[in-house]
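Each chain, letter by letter, is given below.
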Amino acid sequence: MKVFACSACGHALFFENVQCNGCGRRLAYVPDRAVVSPLEAAEAQAVAARPDPLASVFVALAPVAGGERYRLCKNAVDHGACNWAVPVGDDTPFCRACRLNEIIPNLSSPHALEGWLRIERAKRRLVYTLLELGLKVESRREHPSGGLRFAFKEDTGGAKVMTGHDEGLITLNLAEADTPFREKLREQMGEAYRTLLGHFRHEIGHYYWDRLIAGSERLGVRPDVAPDASKGRLSELKVTTRNLHFHDFDDLLKGWVPLTVALNSLNRSMGLADVYPFVLSERAIRKLRFVHDVIENVAAG
């Protein structure tokens, strides 16, 4: 789990954000720098010769980005389905996550488009995690014999699409992006974490088993048992914590915002909805401060 901040205004950001709620700047994830950065328009290169949206060039403002030039992923420009940036010198219009797609649904259908947007959001979180772990994420173009690719399909007629992995190809049934459908199966099968991200994580495990473990010496886990493990008693376990008292509203706010960002990031990493899906505007903060002061005064007599 990683928490980002806008380098322009310091506002807390999530990995999925496309606009900063603090300064309003357009944001993009820069995978080669592992940062979510505000973008600043740079001089478009050869716009007259290439009159297409991908000619727009930006500079990532994050200090670690070093002023390199980027353009938005083609799926961001065409469908609003991505928030990743691509180096200007890259020879493909798609970002590192989107170039892994082999088959996508028919986007002329609003239902299919909506489902695909949800799938892409979960897939980007997966690819981001893999990159953070230092694992190789290679497309079939980069690694013909072992590259990773995705196929997102719909049931047609009597043919049912099965979610699974086969020699680097991860297939996902578009129906899994439909919340009522997925929730029904989740309850029927007792799978508390049946989410789009959960599907991707399960199938990517098969992929990396083939890449990293199959045929190698890493074929088993044999945990050592502590000699005195049977002597442990639960009654001896204790959990202690520092007792915090937030009588000052500003101290409360300083603690609350990072806490909610961390909780939401944890839920997002599991493919779940935000625990606290709110942004505290200045007006909301003033109201909360008023309520806090009233209650504190009453409690103090």
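Remember, predicted model here, so these are calculated numbers, not experimental data.

### Remarks on the sheet that holds strand 10 (residues 164–166)
So, point 1. Spatially, the four strands line up as an open sheet ordered 8-9-11-10, and their pairing is mixed. Both outer strands of the open sheet, strand 8 (101–103) and strand 10, are each paired with one neighbouring strand and no more. When strand polarity is set aside, the average angle formed by the axes of neighbouring strands in this sheet is 30°.
So, point 2. Two elements, strand 10 and strand 11 (residues 169–173), share three bridges in a ladder whose sense is antiparallel. Considered in strand 11, the bridge of His165 is made with Ile170.
So, point 3. The strands touched by helix 2 (residues 110–132) within the sheet are strand 8, strand 9 (149–153) and strand 11, with strand 9 carrying the most contacts at an inclination of about 160°.
So, point 4. Here helix 4 (residues 196–213) sits on the sheet and contacts strand 9, strand 10 and strand 11; the angle it forms with strand 11, its principal contact strand, is near 160°.

### So, the sheet that holds strand 3 (residues 27–30)
Within a sheet, adjacent strands bond to each other through the backbone by hydrogen bonds, running parallel or antiparallel.
So, point 1. The five strands are arranged 3-4-5-6-7 in an open sheet whose pairing can be described as antiparallel. Across the chains shown, the open sheet's two edge strands, defined by having one partner strand only, are strand 3 and strand 7 (85–87). Each strand axis lies, on average, 50° off the axis of its neighbour in the sheet, ignoring direction.
So, point 2. When strand 6 (residues 69–72) meets strand 7, the two strands line up antiparallel, connected through three bridges. Paired with Arg71 across the bridge in strand 7 is Val86.

Reading guide: rules and limits
- Residues numbered from 1 in each chain as written.
- Predicted model: local features only at pLDDT ≥ 70, side-chain atom pairs only at ≥ 80, totals over all residues.
- Heavy atoms only, no water.
- Pairing = 2+ DSSP bridges.
- Helix = DSSP H or I, 4+ residues; strand = E, 2+ residues; numbered from the N terminus.
- Axes fitted to C-alpha atoms, helices over the stretch in contact; angles between N-to-C directions.
- Contact = heavy atoms within 4.5 Å.

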